[in-house]
Amino acid sequence: MNNTLTRFKSTRTHTETLCKPLQIEDYTPQSTVFASPPKWHLAHTSWFFEEMILKTYTKDYKVFDSSFGYLFNSYYNSLGQRIERQNRGLITRPNIETIYKYRAHVDLAMIVLLKNKPSVEIEELTILGINHEQQHQELLLTDLKYTFSQNPIHPKYDNINFVEQKNTENGWLQINEGNYNIGHTSNDFCFDNELASHKIFLQPFKIAKHLVTNGEYIAFIEAGGYSDPKYWLDDGWHWITKNKIDHPLYWALEDDKWKHYTLSGLKDLNPDTLLCHISFYEASAFAFWKGLRLPTEFEWEVASKQFNWGNRWEWTYSAYLPYPNFKTAKGAVGEYNGKFMINLMVLRGSSSVTPKNHSRFTYRNFFSPETQWQFSGIRLASNT
């Protein structure tokens, strides 16, 4: 069996494994515009293979349901109209049994295609689809956590809560000034936003080998960090005042004791574990309060070979912009990354809910600066 087919099967199976703890009522609710229901993730990742590969490369392929193109397209404008994002939770029909039949229908057709010596184009699109589904595996958990957090009984998804990691190293790295290579250079898969490789010049800087902990962030809160505008970017200050935000997402102060909602239920907050679910605005304010700053994504990439990473997506002080000589792919896949290169900030690394084999030091994640629901944290940097 070829490697692509093996990876395809294991990826598709893992998505469904993530859904095994769910009850039937958990598949459909949408708690907010940015958190899609599990049923939608299951269908959309199948739609991707059907739309991008099977409809073009399989002769006489029979589409499972002609309405699914409208229901489960995410943001591909070139592929037609789609349901508005905030209405994904209204898709009570088709039911979840039908969605699993849809997945089986797509899987069968893809397996046949991949067994018959597929072309380079099919291989590349399949690998893109596998990585796309891995992104949605992570989103499935982050979205589910947000939806569960809105339930007053604090439901438990699993025994693992994904937020109990601690620092394994401390101290600072000194990085010398110089020219450094940035971007993906190997023959392994990468997303197009990691290209093209290029040189950048960096001034000397220091970067922490450790991430900020809950206890360190509590000190910021107790020092009045959320009530003093001098620490905040103007947009961030408007965001916290408009939304009455005075602590990280999922935190709650009960009887002078911090608790937080996790995927294993409501827990006491451990001051020694890594801070999680923090926005760029909050990360920037905390760094300013400490007399430090966030690293740029280029500083992070250069230094990342010398510290441990992978427990939290790490905010950088870099806007999400194209690299020199970035090229948008032809067709619908060209909408994958390039059109989002505005008003977003870059995160580097990966998190405790990122699937295995879906991280690399050149990976560029990106979200709007108010985003809290990702498993995000803070690594600090300094000019001296």
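Data block above holds the structure.
As a convention, each chain's residues are numbered from 1 in the sequence order in which they are written. Selection of residues for local features in this predicted model requires a pLDDT of at least 70, selection of side-chain atom pairs for listing and counting requires 80 or more, and totals for whole chains, interfaces and linings are taken over all residues. Derived side-chain values reflect all non-hydrogen atoms in the structure, with water molecules and hydrogen atoms excluded from consideration.

Asks: Looking at this structure, I do not really get the sheet that holds strand 5 (residues 251-254). What am I missing?
Replies: To summarise the sheet geometry, strands pair through backbone hydrogen bonds and adopt either a parallel or an antiparallel arrangement. Pairing between strands is defined by DSSP: at least two bridges between them are needed. Secondary structure is summarised from DSSP: a helix means a run of H or I of at least four residues, a strand means a run of E of at least two, and numbering begins at the N terminus for each. If you trace the 3 strands from one edge of the open sheet to the other, you get 5-6-7, paired in antiparallel fashion. Taken across any chain shown, the strands that pair with only one partner, and hence form the sheet edges, are strand 5 and strand 7 (265-268). For this sheet the average axis-to-axis angle between neighbouring strands, irrespective of direction, equals 35 degrees. Relative to strand 6 (residues 257-262), strand 5 runs antiparallel, the two sharing 4 bridges. Its bridge partner being in strand 6, glutamate 254 is matched across the sheet by lysine 257. Note on geometry: axes are lines fitted to C-alpha atoms, helical ones only across the stretch in contact, with angles between N-to-C directions running from 0 to 180 degrees.

Asks: Can you help me understand the packing of aromatic side chains in this one?
Replies: Two aromatic rings are characterised by how far apart their centres lie and by the angle between their planes. Here is the rule: rings of Phe, Tyr and Trp (six-membered ring for Trp) pair when centre to centre is within 6.5 Å. Planes less than 30 degrees apart are stacked, more than 60 are edge-to-face, and the remainder are tilted. For the structure on display, the rule yields 43 aromatic pairs. Between phenylalanine 34 and tryptophan 373 the ring centres are 4.8 Å apart and the planes differ by 40 degrees, which places this aromatic pair in the tilted class. Remark: tryptophan 373 occurs in the loop between strand 10 (365-367) and strand 11 (376-377) and phenylalanine 34 occurs in the loop between helix 1 (3-18) and helix 2 (38-57); sequence separation between them is 339 residues. Using a 1.4 Å probe on the protein chains alone, a residue whose accessible area is under 20% of its type maximum counts as buried, one over 50% counts as exposed, and one in between counts as partly exposed. Note on tryptophan 373: relative accessible area 6%, which makes it buried. Taken together, a centroid distance of 5.7 Å and an interplanar angle of 45 degrees make the contact between phenylalanine 286 and tryptophan 289 tilted. Of the two residues, phenylalanine 286 and tryptophan 289 both sit in helix 8 (residues 280-289), 3 residues apart, roughly one turn of that helix. Note on phenylalanine 286: relative accessible area 1%, which makes it buried. A relative accessible area of 26% means that tryptophan 289 is categorised as partly exposed.

Asks: Help me understand helix 1 in this model?
Replies: Because each turn of an α-helix spans 3.6 residues, side chains separated by three or four positions in sequence point in the same direction. For a helix, the expected span equals 1.5 Å multiplied by the number of residues minus one. Taking 1.5 Å per residue as the helical rise, helix 1 with its 16 residues ought to reach 22 Å, and the 23 Å between its terminal C-alpha atoms agrees with that figure. Restricting attention to buried positions, one finds in helix 1 the residues Thr4, Leu5, Phe8, Thr11, Arg12, Thr15 and Leu18. For helix 1, the angular spread of buried residues about the axis comes to 165 degrees, placing them on one side. In what follows, a contact means two residues having at least one pair of non-hydrogen atoms within 4.5 Å. Residues of helix 1 that are buried in the fold lie against helix 2, helix 4 (96-115) and helix 5 (120-149). Capping the start of helix 1 is the job of one residue whose side-chain oxygen sits 3.2 Å from the backbone nitrogen of threonine 4: asparagine 2. Our arc is simply the arc of the directions from the helix axis toward the C-beta atoms. N or O atoms within 3.5 Å of each other form a polar contact, as long as, within protein, one can give a hydrogen and the other can take it, and as long as residues adjacent in sequence are counted only when both atoms are side-chain atoms.

Asks: What should I look at first to understand the sheet that holds strand 1 (residues 172-175) in this one?
Replies: Here we have 3 strands laid out as an open sheet, ordered 1-4-12, and antiparallel in their pairing. At either end of the open sheet lies a strand with only one pairing partner, and these are strand 1 and strand 12 (381-382). Note: strand 4 (residues 205-208) against strand 12, 2 bridges, orientation antiparallel. Across the sheet, the residue bridging to lysine 206 is serine 382, located in strand 12.

Asks: Hey, could you run me through the packing of helix 1 against helix 5 in this one?
Replies: Angle between the axes and distance between the axes: these two values describe a pair of packed helices. As a packed pair, helix 1 and helix 5 sit with axes 10 Å apart at the nearest point and diverge in direction by 20 degrees. The pairing of helix 1 with helix 5 is recorded here as roughly parallel in orientation. Handedness of the crossing formed by helix 1 with helix 5: left-handed. Contacts between helix 1 and helix 5 involve Thr4, Arg7, Phe8, Thr11, Arg12, His14, Thr15 and Leu18 on the former and, on the latter, Glu123, Thr126, Ile127, Ile130, Asn131, Glu133, Gln134, Gln137 and Leu141. Convention used here: angles under 35 degrees read as roughly parallel, angles over 145 as roughly antiparallel, angles from 65 to 115 as roughly perpendicular, and any remaining angle as oblique. For a crossing to be left-handed, the near helix must be turned anticlockwise from the far one by less than a right angle; the clockwise case is right-handed.

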